[in-house]
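# Secondary and tertiary structure notes
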Amino acid sequence: MQHYQGWADERFGAVADAFDRNFAEFPELGAAVTVFAGGRKVVELWGGTADERTGRAWSQDTVVPVFSCAKGPVSISAHLLAQQGRLDLDAPIARYWPEFARHGKQDITTRMILGHRAGLPALDAVLSFEEIAAWTPVIRAIEEQPPLWEPGTTYEYHGHVFGFAVGEVIRRVTGLTPGAFFRKEIAEPLGGLPVWLGLPDTELPDLARLVEADGRRPMPGPEHLLTRIVTMNGALVFPGLDVPHGWNDPALHAIELPGAGAVASATGLAGLYAAAVTGIDGGERLLSHDTVTDAVREVSSGAGFLGFDMGARWGSGVLLDSLAFRPLYGSRSFGNDGAGGQFAFGDDEFGVGFAYVANRMIGHGDARATRLVEAVRGCLG
């Protein structure tokens, strides 16, 4: 039985086959995949259930929380500003945000944040959900935070601090918060891409509801640095799907949480990366060849501050081709993935914009998206 709706160009039929097999071979609930090749949409598939409680089917317009895929819109925004000459990624952040320089942070650059090397993976301050939603209390806490290590000497995933720190640089440069800048300067000019950092109420009818797959590894205790990174010291429960301010709560999706709080469709994310690397339907590409070259230069890899190595390689705000974690197409591939297995990337050598989203959370780097990425590559020859 076919598990999906939508279409794929004849050349990309293997992607449809792989998408169908995911439903047969994984505990898939609802999912979608979209692929652009050469600036043209060649795959748009969706299937399954968007809301297990009601039985609402996944539709072409369904959007879903995509966790750290949020770092894609934020990073592309920062690189666009650098391309425009408005932001120097290698200048001290204090040039744009003077208060940031406190407590030994005077030499930290935006690229250090983008590469997870700034020594700011988590904050000492314990903030409430309301303070996080208000933005400014988080910014003040970042200003008062000393680095956990000498900036630039090692790395560790900067989680939510990534979004707030780079987002505040965007705000200082443009006058707009990162979600507002992304909508005004990127998403709306591209026809209203369904990607949001701060979901409007009008989109709630299309929001999929997350569920957790059996057997996911639990988080370590609340004092562990990894838990502090992911939960902002407990203010954001993870996975915490059906608790107040959890990942199925519209109140969470309404705020700007630019490190891990995007809501998007596969078509929106794939369209963003396609626009970045090729342009869409004959339009000019968003990021130049030189800008992409700058973004994909490796900044961090190997064992980080916590001492374990997941096999990920990082450029400036983007996940690179990582054989042991997320194998892609080569040195020009870049993207970001989400905690539930969602993934999106672009590659200007292959001319691809790709995104896979799902509402059953298996985990970072699980095989569902990787199968689809491999199928696309086979179709490209």
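Report follows, based on the coordinates. (Residues numbered from 1 in each chain as written. Predicted model: local features only at pLDDT ≥ 70, side-chain atom pairs only at ≥ 80, totals over all residues. Heavy atoms only, no water.)

## Comments concerning the sheet that holds strand S5 (residues 64-67)
Judged by pairing direction, the sheet is antiparallel, and its 3 strands sit side by side in the order S5-S8-S6 without closing on themselves. The sheet is open, and its two edges are formed by S5 and strand S6 (195-196), each paired on a single side. Here S5 runs beside strand S8 (residues 262-264); their pairing, made up of 3 bridges, is antiparallel. Bridge pairing in S8 places phenylalanine 67 opposite alanine 262. (Pairing = 2+ DSSP bridges. Helix = DSSP H or I, 4+ residues; strand = E, 2+ residues; numbered from the N terminus.)

## Considering the nonpolar core
Ile113, Ile132, Ile142, Phe164 and Leu269 are the most contacted members of the largest nonpolar core, which has 85 residues in total. The contact partners of leucine 269, leaving out residues within four places of it in the chain, are Val66, Cys69, Val195, Ala264, Ala344, Ala355 and Val357. Counting 34 residues, the second largest nonpolar core, distinct from the first, contains Phe19, Phe325, Phe354 and Ala375. (Core = buried A, V, L, I, M, F, W, Y, C linked by side-chain atoms within 4.5 Å. Buried < 20%, exposed > 50% of the residue type's maximum accessible area, 1.4 Å probe, protein only. Contact = heavy atoms within 4.5 Å.)

## Side note on unusual backbone geometry
Looking along the chain, the bond that leaves phenylalanine 238 and enters proline 239 is cis, with omega of 0°. If you trace the backbone, proline 239 turns up in the loop between helix H8 (225-231) and helix H9 (250-254). The backbone phi angle of asparagine 233 is positive, close to 60°, even though this residue is not glycine. Classification of asparagine 233 by relative accessible area gives buried; the value is 18%. The phi angle at histidine 245 is positive, at roughly 65°, despite the residue not being glycine. Among the structural elements, histidine 245 can be located in the loop between H8 and H9. Taking the relative accessible area as the measure of exposure, histidine 245 reaches 25% and is therefore partly exposed.

## Comments concerning helix H2 (residues 71-83)
Between the first and last C-alpha of H2 there are 18 Å, a value that for 13 residues agrees with the 18 Å anticipated at 1.5 Å per step. Along H2, the residues classified as buried are Lys71, Gly72, Pro73, Val74, Ser75, Ile76, Ser77, Ala78, His79, Leu80 and Leu81. One or two positions beyond H2, positive phi appears at glycine 85, with a value near 80°. (Expected span 1.5 Å × (residues − 1).)

## Some details on the pattern of salt bridges
Summed over the entire model, instances satisfying the criterion amount to 23 salt bridges. With a closest N to O distance of 2.8 Å, arginine 40 and aspartate 9 form a salt bridge. Of this pair, arginine 40 sits in strand S3 (residues 40-51) while aspartate 9 sits in the loop between strand S1 (5-8) and helix H1 (13-25), and the two are 31 residues apart along the sequence. Given a relative accessible area of 21%, aspartate 9 falls into the partly exposed group. Linking arginine 228 and aspartate 124 is a salt bridge whose minimum nitrogen-to-oxygen distance equals 3.5 Å. (Salt bridge = Lys/Arg side-chain N within 4 Å of Asp/Glu carboxyl O.)

## A word on the packing of helix H5 (residues 136-144) against helix H6 (residues 159-174)
Here H5 crosses H6 at 100°, and the two axes come no closer than 10 Å. Relative to H6, H5 is oriented roughly perpendicular. Contacts from Val138, Ile139, Arg140, Ile142 and Glu143 in H5 reach Val161, Phe164, Ala165, Glu168 and Arg172 in H6. A class-by-class count of the residues in the contact of H5 with H6 yields 6 nonpolar, no polar and 4 charged. (Axes fitted to C-alpha atoms, helices over the stretch in contact; angles between N-to-C directions. Parallel < 35°, antiparallel > 145°, perpendicular 65-115°, else oblique. Nonpolar A, V, L, I, M, F, W, Y, C, P; charged D, E, K, R; others polar.)

## So, the packing of H2 against helix H10 (residues 266-277)
Look at H2 against H10: their axes get within 11 Å of each other, and the N-to-C directions meet at 25°. Compared by their axis directions, H2 and H10 come out roughly parallel. In terms of crossing hand, the pair formed by H2 and H10 is left-handed. For the pair H2 and H10, contact is made by Gly72, Pro73 and Ile76 and by Leu272, Tyr273 and Ala276, respectively. Of the residues belonging to the contact of H2 with H10, the class tally is 5 nonpolar, 1 polar and no charged. (Left-handed = near helix turned anticlockwise from the far one by under 90°.)

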